[in-house]
Structures are given as structure tokens and as C-alpha cells.
Amino acid sequence: MIDICVLRDEFLNRFGRDGVAYAAPGRINLIGEHTDYNGGFVFPGAVEQSITLVIRPNGGDKVNAYAVDLRLAGSFGVDDTEGPSDVNLRYVYGVVREMIHAGVDVKGFDVVYGGDVPLGAGMSSSAALECCFAFALNDIFGDGKLDRMTLARIGQATEHKYVGVMCGIMDQFASMHGRKGSLMRLDCRSGEFEYFPWQPDDYRLVLVNSRVKHELVGSPYNDRRRSCERVAEMAGVESLRDCTWEQLEDLRPELSDEDYRRARYVLGEKERVLAVCDALQKGDYETVGRQMYMTHEGLAKDYEVSCEEIDFLVDEARRIGVTGSRIMGGGFGGCTINLVKESLYENFVSEVEKSYKNRFGVYCQIIPVVIGDGARRL
Ligand code: GLA
């Protein structure tokens, strides 16, 4: 987490008094990628890297915000119907408007925020931002009346309506519900979820950030979603979760090759998530790892959301003998998530750093995964 003193000092300098601090984390996802908006299952966990803010109501109707990492200051009125044009501020604006929409009487406030969730790494820095604001505003102006799932949906609505990314619920769900030491399995259709303690003795999770900036705003992410919706509609089902292999094969002549492959990936991923749940219950991490590699195959070839740098990282992981590796999150850059045997860990990290640098002329970033808590007041 970012040093909270930095934020407190900045708040004091700008606004001449103290505020209250809140944090919300980014996330990893073990398996279940691009299944959330298809009504399927996901397997995320919150991480320690978070967005943190210091906030205080100012008695007026203006929001005065300062993003320390971006050195970006901006203001808008809580009743403003247009909002700011800067993307970063639009997240804040969107959350404010959606909170009001949900019945929370949000008034003006001063806020300073920042964090250590790497931007564009596929670790959901934007969901962390939305959830941090949603949680804080609910606490300050709403007496905590909205539950965590409602706050997660407010974050998601912000992406849809104010930023234009038609994301699923996974990232905001994880940021709101995370629990130290546990992954979560969420049924994205019913909203039911379960905590799975993540404590393998001999394995570690580590992210390798390609540093190819993953950016979902304006990316083909929405196109992937539209492909899935088209196939679901043609199959006469609510979402691809309900589509069987037989239905997909029957439809094949009517589908574009692209839509067919997108749906084929999603149907396969549904099965992989269930296989992973089963394997985890038996402590069979080798099976978990195999499923991760298969997910990567699907995401690279059928869903086409990988890139050369990420494919290289996954190939390297396989060559070095890593148990499982795949691109994580929305895709188009960002990180791989790797399930690595303890005994191989040091070797993997140093080898992959070296070979990535040789191939692409830049260092990749190694991010050990520590599963942390969800949104909270500090
Ligand atoms: C992004 C979205 C999520 C999810 C993932 C892919 O992170 O925000 O809703 O769709 O991509 O699994």
C-alpha cells in the first residue's frame, strides 16, 4: 500500500486540515477469464496493492480532487450533469453520480488519492479506484447503508456509463469482498460466492508484468463481449453459460468464424473453472496449472486477447517447468499469472527476467502475489 503519510500530508497542505483514510485493492484471478459477463464463474482474490484516499466533506456541493500519482487536480459539482472530460476524474465523477442515483445524499468533499496498483497491468486499478470511492462515500454520506455487492455494481456501472468499458462484475466484486489469505469463487449470475483459503505448501503465485500497457478503454474488449452476446442470442439462451457444445456446433454454419471461436473459448473456460475447483479441493495443483496453460491457449488463439510479449512469457514459464501460466485479466498486455513450485521460484524469476530483457530490451516486473483484504476504512 502507498505510504498513507504522503496522502495525509498532501491533504493537509492542500485543504488545511485532516481527513479520513480508506483503501480498496486490485485483484488477481486464478481462472475464469471473460466468463463474468457471460454469467459464469470467476476465481479472483484481492491483492495488497491498493488505491488509498484521504477525504473530508467540505460543506459545499463541489468535489475537489487531487490524484497524487498523476499530479492531477480537478473539480466538479455533485449535481453537474456532464462531468469532467479527464478519464481519471470521470471515475470519481461516475461513482458520485451513481451513489446519488442509489439514494446516497452525496455532498461536496475534498479528496486526495493515490496507490500502488500498477496502471495498465491488468490488476484492476480502475476497479480499486471506484471501490475505494464507493466505500468511502457510502460510509461518510450513507451511514454504510449500501451493501458491498451494491457498491461493486456502482463501480461496474461507472465503467459502463462514464468510461465506456462494458466490463463484468469480477474486478469490483473482488475489490469489495477480498479477504486476506482467501480466493473467492463467484457465480456471476446469482451473485453467490464462497471463500477458498489459498494456502498451498509448495507453490507460490507470482505475476510477471510485461509492461505492455493494457488499456480497456477503447480496446476491443467490448467487441469480445458483443460476440458472446450475439452467439447467446442466436442460441436462444440468456448468456453463454447456458449454451451447450451441441448448440454451438449446430449454430456453427451461421456464425462468423470469429464469433464461433470466441464462444468456443468461453464454453471451454466454463469447464476449466469447474475442473480447477475440483482439483483445489483435492490439493491437486498440477491439474490447476494444466488448466491455466489451457486457458492461455484459448485466450491467445480463440479469444485473441494476448500479445507477443505475453505469449513469450507463458512459453518461457513452460520451458522453465512452471506448473501453470497464463495471461490474466482483460488482456491486450499486462501480466501473466504463474503458479510456481517453491523449489523453482528463484530460478524462474531470474531466468524470465533475463530472457525477457534479451528479447524485448526491457525488464519485466516481478510481482509476488499476497492475497489481501477488500475495501475498508483505515
Ligand atoms: C476485465 C474486466 C472484468 C473481466 C476481465 C476478464 O478485468 O473488468 O470484468 O471481464 O477483464 O476476465
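Structure first, text after, so check above.
Residues numbered from 1 in each chain as written. Predicted model: local features only at pLDDT ≥ 70, side-chain atom pairs only at ≥ 80, totals over all residues. Heavy atoms only, no water.

**Side note on the layout of surface pockets**
By volume, the largest pocket amounts to about 710 Å³. Contributing to the lining of the largest pocket are 36 residues, with Tyr 91, Leu 119, Gly 120, Ser 125 and Ser 126 lying nearest its centre. Broken down by secondary-structure element, the contributors of at least two residues to the lining of the largest pocket are α2 (87–101), β6 (109–115), α3 (125–141) and α5 (170–177). Of the residues forming the lining of the largest pocket, the biggest block, 4 residues, is contributed by α3. Counted as a void, the second largest pocket has a volume near 270 Å³. Around the second largest pocket, the lining comprises 17 residues; the ones closest to its centre are Asp 36, Tyr 37, Asn 38, Gly 39 and Arg 225. (1 Å grid on protein atoms, 1.4 Å probe; cavity = no way out; pocket = protein on both sides within 12 Å on 5 of 7 lines; lining within 4 Å. Points joined across faces, edges and corners; volume = space filled by probe spheres on them. Helix = DSSP H or I, 4+ residues; strand = E, 2+ residues; numbered from the N terminus.)

**Notes on the site of the ligand**
Lining the immediate surroundings of the ligand are 13 residues, of which Glu 33, His 34, Asp 36, Asp 171 and Tyr 221 lie closest. His 34 is positioned with one of its backbone polar atoms (N or O) 2.6 Å from an oxygen atom of the ligand. At 2.5 Å from an oxygen atom of the ligand is found a side-chain nitrogen or oxygen belonging to Asp 36. Taking 310 Å² as the accessible area of the ligand by itself, protein coverage stands at 97%. Judged by its atoms lying within 2 Å of the grid points, the ligand is housed in the largest cavity. Among the residues forming the shell around the ligand, the class breakdown is 5 nonpolar, 4 polar and 4 charged. (Near = heavy atom within 4 Å. Polar contact = N/O pair within 3.5 Å; in protein donor to acceptor, adjacent residues only side chain to side chain. Areas by Shrake-Rupley, 256 points an atom, 1.4 Å probe, with all protein chains shown as cover. Sits in = over half its atoms within 2 Å of the grid points. Nonpolar A, V, L, I, M, F, W, Y, C, P; charged D, E, K, R; others polar.)

**Points about the sheet that holds strand β10 (residues 324–327)**
What the 4 strands build is an open sheet, ordered β10-β11-β9-β12; its pairing is antiparallel. Because the sheet does not close on itself, it has two edges, and the strands there are β10 and β12 (365–368). In this sheet, adjacent strand axes meet at a mean angle of 20 degrees when their direction is disregarded. The pairing of β10 with strand β11 (residues 335–341) spans 4 bridges and is antiparallel. Counted as the bridge partner of Ile 327 is Thr 336 from β11. Sitting on the sheet, helix α9 (residues 285–301) touches β9 (203–209), β10 and β11, and the angle it makes with β10 is about 30 degrees. (Pairing = 2+ DSSP bridges. Axes fitted to C-alpha atoms, helices over the stretch in contact; angles between N-to-C directions. Contact = heavy atoms within 4.5 Å.)

**Details of the state of the cysteines**
Between two cysteines, a covalent bond joining their sulfur atoms is known as a disulfide. The full count for this structure, using the stated rule, is 0 disulfides. Distance from the sulfur of Cys 188, which forms no disulfide, to the nearest cysteine sulfur (Cys 167) is 11 Å. For Cys 188, a relative accessible area of 11% corresponds to the buried category. Looking at the unpaired Cys 364, the closest cysteine sulfur is the one in Cys 335, lying at 10.0 Å. (Disulfide = S-S within 2.5 Å. Buried < 20%, exposed > 50% of the residue type's maximum accessible area, 1.4 Å probe, protein only.)

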